Amino acid sequence: MGVSRVGRRGCRIRGRGRELVVAGRPVVMGILNVTPDSFSDGGVYVDPGRAIERGIEMMEEGADIIDVGGESTRPGAVPVSMEEEARRVLPIVERLAGRGLLVSVDTMKSEVARLAMEAGAWMINDVSAMTADPLMASAVREHGAAVVLMHMRGEPATMQRDVEYKDLVAEVYDHLASRIKFAEAEGIAPESVVIDPGIGFGKSALGNLELLSRLREFSPLKRPVLVGASRKSFIGSVLGGRASSGRLFGSLSAAAIAVFNGADIIRAHDVKETLDAAKVAMAVRDKELGGDNGDI
Ligand code: YH5
């Protein structure tokens, strides 16, 4: 007990000379959207001062990674130029990384990734799994960063048009296996790779539920698993069409199930609540009490 299901090899994520332990305790990646048009918190953190404050607050609440995003992946969102995306994320990355935080950047553009890594980013969270930009893999390799490879069918603008699969879990599994191979062939260290089934990216609400309940099936890939369900539409659907502002408790339930089923990292807006849910789920999963159990 206490050793992650991915085995010793997968217990740590290596990026740019720094390692994050992801075994024995849940890891939360806090979401920091610096876009004017995100799904659930668009425009809240467009002011760099407020964004930096929120990043620090999430770290104090227990987030191990802060995921900074400057482009909305919502279907119908206005595409942003490389320059605009870089202008939004770089000051935040620089300030948070400068304070020693592990900063991830949610981008599909290699030039944004390069500039972000020069500004101190530790991880690149590419929802296209390095398919959108042919120069992404070399950028990640050259900087020795960690990388999230997420499953998505198609591209953000069109991904919800066809959400039917013959065998969803098998398709997601095979795609992730092939992207892991690609990363390795490109010279990216296996210890730097995290996988993600891509909840909400080209999946029906039922498909998302299927992925959450069958997350264990990704274990043979031997990489830490990240799950991002926070405030997503399928939670609204389960709750009878609830708006994103009313999806906190549903999101916590999804986070708990994900951890119980083996997720190593949870990407979430509500860090302290998610961490509590994840700790209880992990305690049940591993039948171990966490660190501060002096008050029982
Ligand atoms: C993810 O799962 N998701 S951006 C719709 C919402 C609320 C939130 C309709 N980037 C992921 O967070 N990166 C995004 O309500 C991600 N995994 C990884 N690795 C979409 C998002 C959201 C969408």
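Residues numbered from 1 in each chain as written. Predicted model: local features only at pLDDT ≥ 70, side-chain atom pairs only at ≥ 80, totals over all residues. Heavy atoms only, no water.

Novice: In this structure, what is going on with the overall build of the chain? I would like to understand it.
Specialist: When you go through the chain residue by residue, the secondary structure sums to 9 helices and 10 strands. Taking 19 Å as the expected radius of gyration for a compact globule of 296 residues, we find that the chain reaches 18 Å, a close match to that expectation. The C-alpha extent of the chain, read off along each of the three principal axes, is 50 × 40 × 40 Å. Counted over contacts in the chain with a minimum sequence separation of 6, partners at least 24 positions apart contribute 68%. Accessible surface for the chain amounts to roughly 12800 Å². Of this, 53% is attributable to carbon and sulfur atoms. Of note, the chain has its 37 positive side-chain charges centred 3 Å away from the centre of its 41 negative side-chain charges. (Helix = DSSP H or I, 4+ residues; strand = E, 2+ residues; numbered from the N terminus. Rg over C-alpha atoms; globule rule 2.2 N^0.38 Å. Contact = heavy atoms within 4.5 Å. Areas by Shrake-Rupley, 256 points an atom, 1.4 Å probe, with all protein chains shown as cover. Lys, Arg positive; Asp, Glu negative; His and termini not counted. Charge placed at Lys NZ, Arg CZ, Asp CG, Glu CD.)

Novice: Is there a simple way to think about helix H3 (residues 110-118) in this case?
Specialist: Every α-helix carries 3.6 residues per turn, so stepping three or four residues along brings you back to the same face. For H3, every residue scored as buried is listed here: Ser110, Val112, Ala113, Ala116 and Met117. Around the axis of H3, the buried residues are gathered within 155° of arc, so they sit on the same side. Looking at the buried side of H3, the elements it contacts are helix H2 (82-98), strand E5 (102-106), strand E6 (123-126) and helix H4 (136-143). Just past H3, the residue Gly120 takes up positive phi, approximately 115°. (Buried < 20%, exposed > 50% of the residue type's maximum accessible area, 1.4 Å probe, protein only. Arc of directions from axis to C-beta.)

Novice: Help me out: how do you make sense of unusual backbone geometry in this one?
Specialist: Glycine aside, residues mostly have negative phi, and peptide bonds are mostly found in the trans state. Positive phi values are uncommon outside glycine, yet Arg16 reaches one of about 50°. Position of Arg16 among the secondary structure elements: in the loop between strand E1 (12-15) and strand E2 (18-21). The residue Met130 is not glycine, and still its phi comes out positive at about 65°. Within the element layout of this structure, Met130 appears in the loop between E6 and H4.

Novice: For this particular structure, what's the right way to read a nonpolar patch on the surface?
Specialist: Taken together, Leu206, Leu209, Val238 and Leu239 make up a surface patch of nonpolar side chains, about 370 Å² in accessible area. Among the secondary structure elements, Val238 is positioned in helix H7 (residues 233-238). Residue Val238 is classed as exposed on the basis of its relative accessible area, which comes to 54%. (Patch = residues over 30% accessible without salt bridge, like charges linked within 9 Å, V, L, I, M, F, W, Y side chains within 5 Å. Salt bridge = Lys/Arg side-chain N within 4 Å of Asp/Glu carboxyl O.)

Novice: Any chance you could explain the environment of Lys222 here in plain terms?
Specialist: Along the polypeptide, Lys222 turns up in the loop between helix H6 (205-213) and strand E9 (226-227). Assessed through its relative accessible area of 44%, Lys222 is described here as partly exposed. A C-alpha to C-alpha distance of 21 Å links Lys222 and Ala281, two positions 59 residues apart in sequence.

Novice: I keep staring at the pattern of salt bridges and nothing clicks. Help me out?
Specialist: Applying the stated rule across the entire model yields 21 salt bridges. Put simply, Lys109 and Glu71 hold a salt bridge, and the shortest N to O gap is 3.5 Å. A residue pair is termed long-range when its members are at least 10 positions apart, and Lys109 in the loop between E5 and H3 and Glu71 in the loop between strand E4 (65-69) and H2 qualify at 38 residues. Residue Arg214 pairs with Glu210 through a salt bridge whose shortest N-O separation is 2.5 Å. Here the salt bridges share partners, and the residues they tie into one network are Arg54, Glu57, Glu61, Lys272 and Glu273.

Novice: Looking at this structure, I do not really get the packing of H3 against H4. What am I missing?
Specialist: Two packed helices can be described by the angle between their axes and the distance between those axes. With their axes 9 Å apart at the nearest point, H3 and H4 run at an angle of 10° to one another. Our classification of the angle between H3 and H4 gives roughly parallel. The two elements H3 and H4 meet at a crossing, and its hand is right-handed. For the pair formed by H3 and H4, the contact residues are Ser110, Ala113, Arg114, Met117 and Glu118 on the first element and Met136, Ser138, Ala139, Val140, Glu142 and His143 on the second. Its residues assigned to classes, the contact of H3 with H4 shows 5 nonpolar, 3 polar and 3 charged. (Axes fitted to C-alpha atoms, helices over the stretch in contact; angles between N-to-C directions. Parallel < 35°, antiparallel > 145°, perpendicular 65-115°, else oblique. Left-handed = near helix turned anticlockwise from the far one by under 90°. Nonpolar A, V, L, I, M, F, W, Y, C, P; charged D, E, K, R; others polar.)

Novice: Is there a simple way to explain the pairing of E6 in this structure?
Specialist: One face of the sheet, then the other: side chains in a regular strand alternate in exactly this way. Residue alternation in E6 divides its side chains into two sets, Met123 and Asn125 and Ile124 and Asp126, and both sets are buried. Taken together, E5, H3 and E6 constitute a β-α-β crossover, and its handedness is right-handed. Pairing of E6 with strand E7 (residues 146-150), which is carried by 4 bridges, proceeds in the parallel orientation. Bridging from a neighbouring strand, Met123 pairs with Ala146 of E7. Each parallel crossover has a hand, and for E6 linked through H4 to E7 it is right-handed. (Right-handed = clockwise from strand over helix to strand, strands pointing away. Pairing = 2+ DSSP bridges.)

Novice: Can you help me understand H6 in this one?
Specialist: Among the residues of H6, those classed as buried are Gly207, Asn208, Leu211 and Leu212. Buried residues of H6, viewed axially, fall in a sector of 140°; they line one side. Buried residues along H6 sit against helix H5 (168-185), E9, H7 and helix H8 (248-260).

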